[in-house]
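Listed below are the residues making up each chain.
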Amino acid sequence: RKFIVDAMLGRLGRWLRVMGVNVEQIVEPRRAPEDAAALLDAAARTGRVVLTRDAKLLAVKTSDGGSTGACYLVRAVGTDEQFDEVKDFFQLVFKREDFMSRCAVCNQKGFRTIGRSEARATGQVKEKVLGAVATFYQCSRTACGKVYWQGPKFSDACARFEGNFEDNS
């Protein structure tokens, strides 16, 4: 299953990406009815479901007058509850091998391993981290190039999502 999340659900989108789900994020809020129709058109064209907290979006038609069948209204308010709602409604199954397989920034699947010198050259990693970590992972999409490493945030993510893998059900 592939999704598009609107600006209201950015954190949920990042969490789903952490679990390996293909999620495009719309970071700009919709300002006009044409923006909403364009969002629904993009979902239909790419086979994605729009996840939103905007009930008005359900009434919008695509630019060709089509319905919004590819739109789901997330009712939960907190990110934990939103995650559980979407997981349950769409019966998402998460596999360990997909965990942290997508860039949280651009959604690209896959990373390349880089060393300290390459990580330093990106300007994304503080010297303190460079001194403590030897292996880094860079988004494989050249235009993004986001650098990650296994630090406290990685450990927190592991702990947060541990019970969601298919072998833990």
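The structure displayed is predicted, hence computed values, not measured ones.

The rules behind these values
In this convention, every chain numbers its residues from 1, walking through the sequence in written order. It should be noted that, the model being predicted, local features are given only for residues of pLDDT at least 70 and side-chain atom pairs only at 80 or more, the latter also being counted only at that level, while totals for whole chains, interfaces and linings use all residues. Calculation of side-chain values draws on the structure's entire complement of heavy atoms; hydrogens and water are dropped beforehand. Remark: nonpolar core denotes a set of buried residues (Ala, Val, Leu, Ile, Met, Phe, Trp, Tyr, Cys) joined through side-chain atoms within 4.5 Å. When a residue's accessible area, from a 1.4 Å probe over protein chains only, is under 20% of the maximum for its type it is buried; when over 50% it is exposed; and in between it is partly exposed. The contact criterion used is simple: two residues touch if any of their non-hydrogen atoms lie within 4.5 Å. Two strands make a pair as long as DSSP finds a minimum of two bridges between them. For the purposes of this entry, the term helix denotes a DSSP run of H or I that reaches at least four residues, the term strand denotes a run of E that reaches at least two, and both are numbered from the N terminus. Seen with its strands pointing away from the viewer, a crossover is right-handed when the path leading from the first strand over the helix to the second is clockwise. Think of each axis as a best-fit line through the C-alpha atoms, taken over the contacting stretch in the case of a helix, with angles from 0 to 180 degrees between the N-to-C directions. Should an angle lie under 35 degrees it is considered roughly parallel, over 145 roughly antiparallel, and from 65 to 115 roughly perpendicular; all remaining angles are considered oblique. Two helices that cross are described as forming a left-handed crossing if the nearer one is turned anticlockwise from the farther one by less than a right angle, and a right-handed crossing if clockwise. Residues are sorted three ways: Asp, Glu, Lys and Arg are charged, Ala, Val, Leu, Ile, Met, Phe, Trp, Tyr, Cys and Pro are nonpolar, and all the rest, Gly among them, are polar.

Asker: Any chance you could break down the nonpolar core for me, citing the residues and the numbers?
Answerer: Residues F3, L16, L51 and V86 are the most contacted members of the largest nonpolar core, which totals 23 residues. Residues within four places of L16 in sequence aside, it is in contact with V21, V23, L51, F83, V86, L92 and F94. I4, L40, A42 and V50 belong to the second largest nonpolar core, which has nine residues in total.

Asker: How would you summarise the pairing of strand β1 (residues 2–5) if you had to cite specific residues and measurements?
Answerer: As paired strands, β1 and strand β2 (residues 22–25) are joined by four bridges and run parallel to one another. Opposite K2, over in β2, you have N22 as the bridge partner. Handedness of the β1-helix α1 (residues 10–18)-β2 crossover: right-handed. Sheet topology note: the β1/strand β3 (residues 49–52) ladder contains three bridges and is parallel. Within the sheet, the bridge partner assigned to I4 lies in β3 and is V50.

Asker: How would you sum up unusual backbone geometry? Please name residues and give values.
Answerer: Phi at Q91 takes a positive value of approximately 50 degrees, unusual for a residue other than glycine. Its location among the elements puts Q91 in the loop between α3 (79–89) and β5 (111–114). Although it is not a glycine, M100 sits at a positive phi angle of roughly 60 degrees. Counting through the fold element by element, M100 comes out in the loop between α3 and β5.

Asker: Account for the sheet that holds β2, with residues named and values stated.
Answerer: On the basis of which strands lie adjacent, the open sheet formed by four strands has the order β2-β1-β3-β4 and parallel pairing. Both edges of this open sheet fall to β2 and β4 (71–73), since each of them pairs with a single strand only. Sheet twist, expressed as the average angle between the axes of neighbouring strands with direction ignored, equals 25 degrees.

Asker: Which residues make up the sheet that holds strand β7 (residues 147–148), and what are the values?
Answerer: The strand order across the open sheet built from three strands is β5-β6-β7, with neighbouring strands paired in antiparallel fashion. The open sheet terminates on both sides in strands that have one partner only, identified here as β5 and β7. Where strand β6 (residues 136–139) lies against β7, two bridges are found, and the strand directions are antiparallel. Paired with Q138 across the strands is V147, a residue of β7.

Asker: So what about the packing of α1 against α3? Which residues, and what values?
Answerer: For the pair α1 and α3, the least separation of the axes is 10 Å and the interaxial angle reads 55 degrees. As far as their axial angle goes, α3 and α1 are oblique. Taken as a pair, α1 and α3 cross one another with a handedness that is right-handed. Contacts between α1 and α3 pair R11, L12, W15 and L16 from the former with T79, D80, Q82, F83 and V86 from the latter. Residue classes in the contact of α1 with α3 are distributed as five nonpolar, two polar and two charged.

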